[in-house]
Amino acid sequence: MPQHQESRPNSRPKMAPVSSLRAALLVSFSVSLTVLLGLGLPALLNALMRPLGLPETSVTECIVVLYLVGVLCLATPRIPRGSVQVSGKAVLITGCDSGFGHALAKHLHGLGLTVFAGCLLKHKGGEGAKALEEFNSDRMKVVQLDVCSEEQVNQAVEYIKDNIEDSERGLWAVVNNAGVSTFGEVEFTSMDTYRQVSEVNLWGTIRVTKAVLPLIRRAKGRVVNVASMFGRMGNAMRSPYCVSKYGVEAFSDCLRYEMKTWGVKVSIIEPGNFIAATGILTRDAVATTANKLWSEAPPVVKEDYGKAHFECHVAQMRSYCGSGVKDAASVLDDIADAVVSKRPHTRYNPSEPHWWIRLQMMTHLPAAISDRLYF
């Protein structure tokens, strides 16, 4: 195929080159923003001070104040908002075989909650399910749960009803954590892949939520949905995942509006890059997915893009293996806060600073600017 492509240099459209000015644009934007704040902010503050009879500020003072505000926002611990009494309260967590879900089941159990840990591989003797069963605790109940199966979801709900202390008090919280991920450019990604990813990440979240919502409403409890930073901003090579997580964000927002009158709080967790902490992306997984993408791609797509382009993007995904935050503690703490705080946040963004900054840029700047900066 590569030889055939070389003999027909004009037979396919050329790929748009990656901008070599990206670094310069980032620097220029940073400098421009600094100048704008340095000159514009003092003028704005002075205009506000005059009617109030307050002394005008200087450029230096404004920059110092801005810096201090930034430090406070990033470094100040979360202000305590009180916690509910966890005694007698139960929570259903999906996706407890490994990753966030497995660690969260242990964490919430340690806080005193009764945990219904939904595991996909319980019936097959999965290691994650076994490890949780070995707690031998009345407050750790492992449940067979495939979020794609209506039958298993309904069976799990019946099991919960039979095993909570008081069915009239309902189920305090559900944490929709089960999820899958993949990668691939749009033209290399099959419709089956889009369906499979959304079946777990989106429809699974909706299916489980609808099934337990009567119990949650009875308890005036919590719905906590694990989305992603890619549920707020798109990214190349990640469209199936982004589509599903954007859906989780929309579903959660709509549900939050509806549940307000019932006293039910709905929170969204938007983790950044925690590949190192969860092991969700491995070199073997990248190789398997890459082989599938290339073998299933239409001939015209292979010819137009070329194997060199494809391998370059696969190498980029391979470089992410083992990257990101190595400790999942920040995610676990945020989910726990959403479950037990008297006043939980609507959204939580556990992530590295540079990913948090990128999220703010992508969601607040005009697309023409953010696209130039990051793509």
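Residues numbered from 1 in each chain as written. Predicted model: local features only at pLDDT ≥ 70, side-chain atom pairs only at ≥ 80, totals over all residues. Heavy atoms only, no water.

Quoted verbatim from the Sequence similarities (unreviewed entry) field of the UniProt record, the comment on the chain reads "Belongs to the short-chain dehydrogenases/reductases (SDR) family." (UniProt positions renumbered as here; feature names shortened; annotations may be inferred.)

Description of the overall build of the chain
Per the secondary structure count, the chain includes 15 helices and 7 strands. Counting over 375 residues, the chain shows a buried share of 44%. Excluding contacts between residues fewer than 6 apart, the proportion of contacts in the chain whose partners are at least 24 apart in sequence is 74%. Accessible area of the chain: about 20000 Å², with a carbon and sulfur share of 59%. (Helix = DSSP H or I, 4+ residues; strand = E, 2+ residues; numbered from the N terminus. Buried < 20%, exposed > 50% of the residue type's maximum accessible area, 1.4 Å probe, protein only. Contact = heavy atoms within 4.5 Å. Areas by Shrake-Rupley, 256 points an atom, 1.4 Å probe, with all protein chains shown as cover.)

Some thoughts on the environment of E311
Note on placement: E311 falls in helix α12 (residues 307-319). Assessed through its relative accessible area of 36%, E311 is described here as partly exposed. When the C-alpha positions of E311 and W294 are compared, they lie 9.7 Å apart, and in sequence the two are 17 residues distant.

As for the sheet that holds strand β4 (residues 173-176)
Read across the open sheet, the 7 strands follow the order β3-β2-β1-β4-β5-β6-β7; overall the sheet is parallel. Where the open sheet ends on each side, the last strands, each with one partner, are β3 (140-144) and β7 (347-348). Relative to β3, strand β2 (residues 114-119) is paired through 5 bridges, and the arrangement is parallel. Among the inter-strand pairings, C119 is bridged to a residue of β3, identified as Q144. Along the sheet face, helix α7 (residues 191-219) touches β1 (90-93), β4 and β5 (222-226) and points at about 175° away from the line of β4. Across the sheet, helix α13 (residues 329-340) is in contact with β4, β5, β6 (265-269) and β7; its angle to β5 comes to roughly 155°. (Pairing = 2+ DSSP bridges. Axes fitted to C-alpha atoms, helices over the stretch in contact; angles between N-to-C directions.)

Here's the deal with the nonpolar core
In terms of nonpolar packing, the biggest core is built from 35 residues, with I93, V175, I335 and V339 touching the most fellow members. Elements that contribute at least two residues to this core include exactly β1, α4 (99-110), β2, α5 (127-133), β3, β4, β5 and α13. Aside from chain neighbours lying at most four places away, what touches V175 is V91, L92, I93, T94, L104, V224, V226, I335 and V339. With 31 residues, the next largest nonpolar core counts A90, V157, I160 and V266 among its residues. (Core = buried A, V, L, I, M, F, W, Y, C linked by side-chain atoms within 4.5 Å.)

Some remarks on the packing of aromatic side chains
Per the stated rule, a full pass over the model turns up 7 aromatic pairs. When the centroid spacing of 5.8 Å and the interplanar angle of 75° are considered together, the rings of F100 and F274 count as edge-to-face. One end of the pair, F100, is in helix α4; the other, F274, is in the loop between β6 and α9 (275-278), with 174 residues separating them in the sequence. Taking 5.1 Å as the distance between ring centres and 50° as the angle between the ring planes, the aromatic pair formed by W294 and F310 counts as tilted. With a gap of 16 residues between them, W294 in helix α10 (residues 283-296) and F310 in helix α12 connect regions that are remote in the sequence. As far as burial versus exposure is concerned, W294 and F310 are alike and both buried. By way of ring pairs, the aromatic residues F188, W294, Y305 and F310 are connected into one cluster. Here the guanidinium or amino end of K89 rests over the ring plane of W172, the centre of that ring lying 4.9 Å away. The residue whose ring lies beneath K307 is W294, and the NZ or CZ to ring-centre distance is 4.9 Å. (Phe/Tyr/Trp six-rings, centres within 6.5 Å; stacked < 30°, edge-to-face > 60°. Lys NZ or Arg CZ within 6 Å of the ring centre and 35° of its normal.)

Comments concerning the packing of helix α14 (residues 353-364) against helix α15 (residues 367-374)
Axis separation between α14 and α15 bottoms out at 7 Å; the angle between their running directions is 145°. Residues R358, M361 and M362 of α14 form the contact with α15, whose own contacting residues are S370, L373 and Y374. For the contact of α14 with α15, a count of residues per class yields 4 nonpolar, 1 polar and 1 charged. (Nonpolar A, V, L, I, M, F, W, Y, C, P; charged D, E, K, R; others polar.)

Brief notes about the confidence of the model for the chain
Across the chain, pLDDT averages 88, with 84% of residues at or above 70. In this model residues 1-18 is a low-confidence stretch, pLDDT under 50, and it forms 15 contacts with partners more than four residues away in sequence or in other chains. (pLDDT = per-residue confidence, 0-100.)

Quick look at the state of the cysteines
A full pass over the atoms with the stated rule returns 0 disulfides. Summary of cysteine pairing: C119 is not part of a disulfide, and the nearest cysteine sulfur, belonging to C96, is at 5.3 Å. (Disulfide = S-S within 2.5 Å.)

Details of the pairing of β5
Most of β5 is tucked away: 5 of the 5 residues are buried. On β5, burial covers both faces: R222, V224 and V226 on one face and V223 and N225 on the other are all buried. With α7 bridging β4 and its parallel neighbour β5, the resulting β-α-β unit is right-handed. Bridge analysis of β5 against β6 gives 5 bridges, and the strand direction is parallel. Within β6, the residue paired with N225 across the bridge is I268. (Right-handed = clockwise from strand over helix to strand, strands pointing away.)

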